[in-house]
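Overview (structure and organization)
Here's the letter readout for the chains.
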Amino acid sequence: MRDTQDLATHSSAGSQRAEREVYPLIPPADVLEDVDGITLHIDMPGVSKSGLKVEADKNTLVIEGDIQFSMPQGMEALYAELQSTRYRRNFTLSGELDTEKTIANLKNGVLSVKIPLRAEVRPRKIEVHAS
Amino acid sequence: MFGNATAFETLFDELRRMEQGVEQMYGRSAPGIRSVARGTFPPANIGATENEVHVYLFAPGFDAKSFSISVQRNVLTVAGQRVLPIDEKATYFRQERFDGEFRRIVTLPEDVDPERVEAKYRDGVLQIKVGRREVAKPRQIQVA
């Protein structure tokens, strides 16, 4: 039933335009690596904790956010540079990252994600003993 | 570390980003005299109700106190600064986020009242509300 409805919507006139408009935005990201692992900072203005989804499995990191902010009733749009209400961005991860220990933090619309390196692949300092 | 170029999804993201840029460049054939090129930071959305004009600036990671907002006649100016800390010991693979000072100038409808401006900052969105003057009601003219 649901599928039929979806098909019907898609085949209606102007569907291409409608589809384009639902493309999620690709939020800008900074990605850096230090001895502990990978850190990402992603600009997602308008996203609160409840509208955010961060998923890290072995191979991929998926970040999705819904833009939610209060708008007065009966508002008419005069101008819009931001034309979507969703963000989505994916990254491919590699095996030396310990995704189980991923930490995410959202503050003022900036998402910070830390994925540590597995303990066994971290550089170890080897002490040299003088004999 | 990140297999960026190999992931198809990411490749399409890049294409879409480019496509959006092109669209934005040619989207408006006769822009307003004070309008700016798309892709300017921070992006702005403007909406209006009968009594107010609402401006939304998508400027994440700022200290609310660092914004400077002024309205002169119907021109709104917003300035701010975001300095991203650089970790000297880290390797950067991507640096796409805005860093530095911005100043955005937005032309509002003619009937805004510069005396009635309110601003708040939530989840990285700066929301500015400007009151509108009461529109004069059409006058009925009696024919004698």
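For the structure itself, consult the block above.
Parameters at a glance
- Residues numbered from 1 in each chain as written.
- Chains lettered and ligands numbered in written order.
- Predicted model: local features only at pLDDT ≥ 70, side-chain atom pairs only at ≥ 80, totals over all residues.
- Helix = DSSP H or I, 4+ residues; strand = E, 2+ residues; numbered from the N terminus.
- Buried ≥ 20, exposed ≤ 12 C-beta atoms within 10 Å, placed from the backbone.
- Pairing = 2+ DSSP bridges.
- Axes fitted to C-alpha atoms, helices over the stretch in contact; angles between N-to-C directions.

Let's shift gears to the overall build of chain A. In terms of regular secondary structure, chain A is built from two helices and eight strands. N-terminal to C-terminal, the α/β element order of chain A is α-α-β-β-β-β-β-β-β-β. Considering chain A as a whole, with its 131 residues, one finds that 24% of them fall into the buried category.

What follows deals with unusual backbone geometry. Residue P42(B) follows F41(B) across a cis peptide bond; omega there is -10 degrees. Along the chain, the position of P42(B) falls in the loop between α1 (8-26) and β1 (44-48). Positive phi is not limited to glycine here, since N108(A) has a value of about 50 degrees. By the secondary structure assignment, N108(A) is in the loop between β7 (103-107) and β8 (110-116). Its 17 C-beta neighbours within 10 Å are what place N108(A) among the partly exposed residues. Here D123(B), not a glycine, exhibits a phi torsion of approximately 50 degrees, which is positive. Note on placement: D123(B) falls in the loop between β7 (112-122) and β8 (125-132).

Moving on, we come to the sheet that holds strand β5 (residues 76-80) of chain A. Taken in spatial order, the five strands of this open sheet run β5(A)-β1(B)-β2(B)-β8(B)-β7(B), and their pairing is antiparallel. This sheet does not close on itself; its edge strands, each paired only once, are β5 of chain A together with β7 of chain B. Put simply, the sheet's adjacent strands are angled 20 degrees from each other on average, direction ignored. The pairing of strand β2 (residues 52-58) of chain B with β8(B) spans seven bridges and is antiparallel. Paired with H54(B) across the bridge in β8(B) is K129(B).

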